[in-house]
Amino acid sequence: TRTISPLDDQRAWWALAVVAVALAGLVAMVMLRRRQHQVIRTPWEQFYDDWQIAASAADGKEAGARLSIALRRCLGTVFRFDGPASTTRETALHLRGQLRDDEHRDLVRLLESLDALRWAADDLPPSAVRPLVELGRGWSTALKHRLAAEEEAARLANPQSAKTAAKTAAKTSAKTTAATNGERP
């Protein structure tokens, strides 16, 4: 047998280290590529999906609960508060100065109507909740258009500050959406 020199052992460790570094780099590249493909959904898109689920619920009470949580989640994300954990009264107090009076009044009525469904008969047909589901969709669509128009007017009034505000809002919205979905931002 030939003799093994100390250099042979050192070469083996270096080869193992190079392979380990290459594997770590490959894993990091795959993770970064995977992260780039994540779709960031707006609060309005999330509400639309939740609204679709609520509209297709088999039980009226379940549909009302799903619509209520969808509205609260959307409003919480847009106006930066814990919407899903808020009651109707807490939501109304938080949004008092941020919504117009008619929007605020309609939202409170809608949320109170949805809360009242919890005390309805055991078997509430989904058709009884459909008007509230449509009302919620219409209300959120009107709010979305109003906020977009105000943002556009602010952007036209001051283009430089609107760009930085939009970037900040997009980052905050992405973090909030990721946190709401249970993901790490």
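Everything numeric in this text was worked out from a predicted model, so none of it was measured.

Peer 1: How should I be thinking about the nonpolar core in this particular structure?
Peer 2: Nonpolar side chains in soluble globular proteins generally cluster together in the buried interior. Core analysis: the largest hydrophobic core is formed by 27 residues, its most contacted members being Leu-67, Leu-71, Leu-75, Phe-79 and Leu-143. Those elements giving two or more residues to this core turn out to be helix H2 (43-55), helix H3 (60-79), helix H5 (101-116) and helix H6 (130-157). In terms of residue count, the dominant contributor to this core is H3 (seven residues). When residues no more than four places from it in sequence are discounted, the contact partners of Leu-67 are Phe-47, Trp-51, Ala-54, Leu-114, Leu-132 and Val-133.

Peer 1: Mind showing me how you'd approach the confidence of the model for the chain here?
Peer 2: Interpreting fine coordinate detail is not advised for predicted regions of low pLDDT. Taken over all residues, the pLDDT of the chain has a mean of 80, while the share at 70 or more is 76%. Low pLDDT (under 50) marks residues 176-185, which in the prediction has twelve contacts with non-local residues, meaning those over four places away or in another chain.

Peer 1: What am I meant to see in the packing of H3 against H5 here?
Peer 2: Think of two packed helices as two axes; the pair is described by the angle between the axes and how far apart they sit. Direction vectors running N to C along H3 and H5 enclose 145 degrees, while the axes themselves pass 9 Å from each other. H5 is crossed by H3, and the crossing has left-handed handedness. Here H3 contributes Gly-64, Leu-67, Ser-68, Leu-71, Arg-72 and Leu-75 to the contact with H5, which in turn contributes Leu-107, Leu-110, Leu-111, Leu-114 and Asp-115. Among the residues forming the contact of H3 with H5, the class breakdown is seven nonpolar, two polar and two charged.

Peer 1: Where do I start with the environment of Ala-55 in this structure?
Peer 2: Positionally, Ala-55 belongs in helix H2. Along the chain, Ala-55 and Val-129 lie 74 residues apart, while their C-alpha atoms are 8.5 Å from each other. Residues within four places of Ala-55 in sequence aside, it is in contact with Arg-130 and Val-133.

Peer 1: What should I look at first to understand H3 in this one?
Peer 2: The periodicity of an α-helix, 3.6 residues per turn, causes residues three or four positions apart to be oriented the same way. The first and last C-alpha atoms of H3 sit 28 Å apart over 20 residues, in line with the 28 Å expected at 1.5 Å per residue. Directly beyond the C-terminal end of H3, a positive phi value near 60 degrees is found at Arg-80.

Peer 1: Teacher, can you tell me more about the pattern of salt bridges here?
Peer 2: Charged atoms that come close allow side chains of opposite charge to pair. Throughout the structure, instances matching the rule amount to eleven salt bridges. A salt bridge links Asp-102 to Arg-100, with the shortest nitrogen-to-oxygen separation between them at 3.6 Å. Among the residues examined, Asp-102 registers a relative accessible area of 32% and is labelled partly exposed. Exposure remark for Arg-100: the relative accessible area of 44% places this residue in the partly exposed category. The closest approach of N and O atoms between Arg-137 and Glu-134, which form a salt bridge, is 3.2 Å. Taken together, the residues Arg-137 and Glu-134, both in helix H6 and three residues apart, mark about one turn of the helix.

What counts, and at which threshold
Residues numbered from 1 in each chain as written. Predicted model: local features only at pLDDT ≥ 70, side-chain atom pairs only at ≥ 80, totals over all residues. Heavy atoms only, no water. Core = buried A, V, L, I, M, F, W, Y, C linked by side-chain atoms within 4.5 Å. Buried < 20%, exposed > 50% of the residue type's maximum accessible area, 1.4 Å probe, protein only. Helix = DSSP H or I, 4+ residues; strand = E, 2+ residues; numbered from the N terminus. Contact = heavy atoms within 4.5 Å. pLDDT = per-residue confidence, 0-100. Axes fitted to C-alpha atoms, helices over the stretch in contact; angles between N-to-C directions. Left-handed = near helix turned anticlockwise from the far one by under 90°. Nonpolar A, V, L, I, M, F, W, Y, C, P; charged D, E, K, R; others polar. Expected span 1.5 Å × (residues − 1). Salt bridge = Lys/Arg side-chain N within 4 Å of Asp/Glu carboxyl O.

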